[in-house]
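The chain contents come next:
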Amino acid sequence: SLPAKLINGGIAGLIGVTCVFPIDLAKTRLQNQQNGQRMYTSLSDCLIKTIRSEGYFGMYRGAAVNLTLVTPEKAIKLAANDFFRHHFSKDGKKLTLMKEMLAGCGAGTCQVIVTTPMEMLKIQLQDAGRIAAQKKLMAAQAQLSSSPAAGAAEPVVETRTTATQITRELLRSKGIAGLYKGLGATLLRDVPFSIVYFPLFANLNKLGQKDPNVKAPFYVSFLSGCVAGSTAAVAVNPCDVIKTRLQSLQRGVNEDTYSGILDCTKKIWQKEGPTAFFKGAYCRALVIAPLFGIAQVVYFIGIAEFLLDMLPKPQA
């Protein structure tokens, strides 16, 4: 049932995000740093420096936004894919690869209603620590290079903002469109992701089915979700880099600003080279693989069906 699909998708999203959020934070910071202003050299370096400067909970900056909105996002994504697959198979025929891809396309298109503002807010909070650390480093370097007579420089103090404050400011200054900055880039990432992910998962999962009418074992669903998720994540990573750059409202010292998808693509290619489009690709694969593996296992177990069965039934 649709309520069961929505609940399953929501639970899967909450569990998955909680497990992999620190890696997602590292991915955002690695993707946003530009040549000449690098604060981090790798995933592990980013996490270590984040813990040292911001504490353990610094790795979860922006998690509240994600945990709040990932439930409707994952619910819409998984339920929409099931809806389109069911619609395309009404004639009783086996789904062709093209129809599976169209179902994934529909799911990816539907989810951006929630994904775009969620990613927009999450990125501001995730990247704030990188920008603050960069300013502190620049201030320290300036102090060392200045003469002793100039006196000590003013310490750089990070002013922490919340998702609510960012939302209010965007709504006040730009209206609802402010929360949907980068919508085109989000569609450019999520639609191809779903086109690749859902058919690949469905076909990998079928390999573990001994009988077409019996579900594949849960470990097959988990591994299929991991493989399909990581493959799709790496395939669309260039679009994810562009989306992250476009949705960042604040820039570090001497970092470029972008007017749109084409301008962003051109500047990254010219100034950072083609390899820049795969920044954070392995981080994204590490995030998406368990996230969708867990999602498919939750779907397999059917937690929602169990919860709905416990509700009191109306009397006849």
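Residues numbered from 1 in each chain as written. Predicted model: local features only at pLDDT ≥ 70, side-chain atom pairs only at ≥ 80, totals over all residues. Heavy atoms only, no water.

If you check an unreviewed UniProt entry, the protein appears there as Mitochondrial glutamate carrier 1 from Tachuris rubrigastra. A UniProt comment under Catalytic activity (unreviewed entry) is attached to the protein, and it reads "L-glutamate(in) + H(+)(in) = L-glutamate(out) + H(+)(out)". Under Subcellular location (unreviewed entry), UniProt gives the following word-for-word description of the protein: "Mitochondrion inner membrane". (UniProt positions renumbered as here; feature names shortened; annotations may be inferred.)

Chemist: Run through the overall build of the protein, naming residues and quoting values.
Modeler: Summing up its helical and strand segments, the protein has 11 helices and 0 strands in all. Helices (α) and strands (β) of the protein occur, in sequence order from the N terminus, as α-α-α-α-α-α-α-α-α-α-α. Looking at the 316 residues of the protein, the share that counts as buried comes to 48%. Considering only intrachain contacts with a sequence separation of at least 6, the fraction spanning at least 24 residues in the protein is 81%. (Helix = DSSP H or I, 4+ residues; strand = E, 2+ residues; numbered from the N terminus. Buried < 20%, exposed > 50% of the residue type's maximum accessible area, 1.4 Å probe, protein only. Contact = heavy atoms within 4.5 Å.)

Chemist: An account of the packing of aromatic side chains is needed here, citing residue identities and associated values.
Modeler: Across all of its chains, the model carries 9 aromatic pairs by this definition. Every member of this aromatic cluster is reached through a ring pair, and the members are Phe 21, Tyr 56, Phe 57 and Tyr 60. (Phe/Tyr/Trp six-rings, centres within 6.5 Å; stacked < 30°, edge-to-face > 60°.)

Chemist: Account for the packing of helix H3 (residues 63-88) against helix H6 (residues 183-206), naming residues and giving values.
Modeler: Viewed as axis vectors pointing N to C, H3 and H6 meet at an angle of 70°, and their least axial separation amounts to 12 Å. By the angle class used here, H3 and H6 are roughly perpendicular. In this structure, H3 meets H6 at a crossing whose hand is right-handed. The residues of H6 that touch H3, namely those facing Lys 77, Leu 78, Asn 81 and Arg 85, are Phe 193, Ser 194, Phe 198 and Ala 202. (Axes fitted to C-alpha atoms, helices over the stretch in contact; angles between N-to-C directions. Parallel < 35°, antiparallel > 145°, perpendicular 65-115°, else oblique. Left-handed = near helix turned anticlockwise from the far one by under 90°.)

Chemist: I'd like a rundown of the confidence of the model for the protein, residues and numbers included.
Modeler: Mean pLDDT over the protein stands at 83; residues scoring 70 or higher make up 88%. Looking across the protein, the model is least confident in helix H11 (residues 303-310), with a mean pLDDT of 56, and most confident in helix H8 (residues 237-247), with 94. (pLDDT = per-residue confidence, 0-100.)

Chemist: Please give an account of the side chain of Glu 255 that cites residues and values.
Modeler: Looking at where Glu 255 falls in the secondary structure, it is placed in the loop between H8 and helix H9 (261-272). A distance of 2.9 Å separates polar atoms of two side chains, one belonging to Glu 255 and the other to Arg 130. Other than its neighbours up to four places away in sequence, Glu 255 contacts Asn 32, Gln 33, Gln 34, Gln 37, Arg 130 and Gln 134. (Polar contact = N/O pair within 3.5 Å; in protein donor to acceptor, adjacent residues only side chain to side chain.)

Chemist: So what's going on with the pattern of salt bridges? Which residues, and what values?
Modeler: Across all of its chains, the model carries 18 salt bridges by this definition. A single salt-bridge network, built from bridges that share partners, covers Asp 24, Lys 27, Glu 119, Lys 122, Arg 189, Asp 190, Asp 240 and Lys 243. (Salt bridge = Lys/Arg side-chain N within 4 Å of Asp/Glu carboxyl O.)

Chemist: Describe the side chain of Asp 256, listing the residues and the values that go with them.
Modeler: Looking at the element boundaries, Asp 256 is found in the loop between H8 and H9. Once residues within four sequence positions are removed from consideration, Asp 256 is found in contact with Gln 34, Arg 251, Lys 267 and Lys 271.

Chemist: Tell me what's going on with empty space enclosed by the protein, and back it up with residues and numbers.
Modeler: Counted according to the given criterion, the structure contains 1 cavity of 30 Å³ or more. Every residue lining the largest cavity is counted, 23 residues in all, and those nearest its centre are Lys 74, Glu 119, Arg 284, Ile 288 and Leu 291. Looking at the lining of the largest cavity, the elements with two or more residues in it are helix H1 (2-32), H3, helix H4 (97-145), H6 and helix H10 (281-301). Looking at the lining of the largest cavity, its residues break down into 10 nonpolar, 3 polar and 10 charged. (1 Å grid on protein atoms, 1.4 Å probe; cavity = no way out; pocket = protein on both sides within 12 Å on 5 of 7 lines; lining within 4 Å. Points joined across faces, edges and corners; volume = space filled by probe spheres on them. Nonpolar A, V, L, I, M, F, W, Y, C, P; charged D, E, K, R; others polar.)

Chemist: Account for the nonpolar core, with residues named and values stated.
Modeler: Formed by 31 residues in total, the largest nonpolar core has its most connected members in Val 65, Phe 193, Tyr 197, Ile 288 and Phe 292. Put simply, the parts of the chain that give this core at least two residues each are H1, H3, H4, helix H5 (163-174), H6, helix H7 (218-235) and H10. The leading source of residues in this core is H10, at 6 residues. With residues near it in sequence (within four places) discarded, Phe 292 still touches Lys 74, Lys 77, Phe 193, Tyr 197 and Gly 225. Of all hydrophobic cores here, the second largest spans 13 residues; its members include Ala 26, Met 39, Leu 43 and Cys 46. (Core = buried A, V, L, I, M, F, W, Y, C linked by side-chain atoms within 4.5 Å.)

Chemist: Break down the environment of Val 236 for me, with residues and values.
Modeler: Along the chain, Val 236 falls in the loop between H7 and H8. Among all residues touching Val 236, those that are not within four sequence positions of it are Arg 189, Pro 192, Phe 193 and Arg 284.

Chemist: For a nonpolar patch on the surface, give the residues involved together with the corresponding values.
Modeler: On the surface, Phe 218, Tyr 219, Phe 222 and Leu 223 cluster together into a nonpolar patch covering about 420 Å² of accessible area. As for its placement among the helices and strands, Tyr 219 is situated in helix H7. Classification of Tyr 219 as partly exposed rests on a relative accessible area of 49%. (Patch = residues over 30% accessible without salt bridge, like charges linked within 9 Å, V, L, I, M, F, W, Y side chains within 5 Å. Areas by Shrake-Rupley, 256 points an atom, 1.4 Å probe, with all protein chains shown as cover.)

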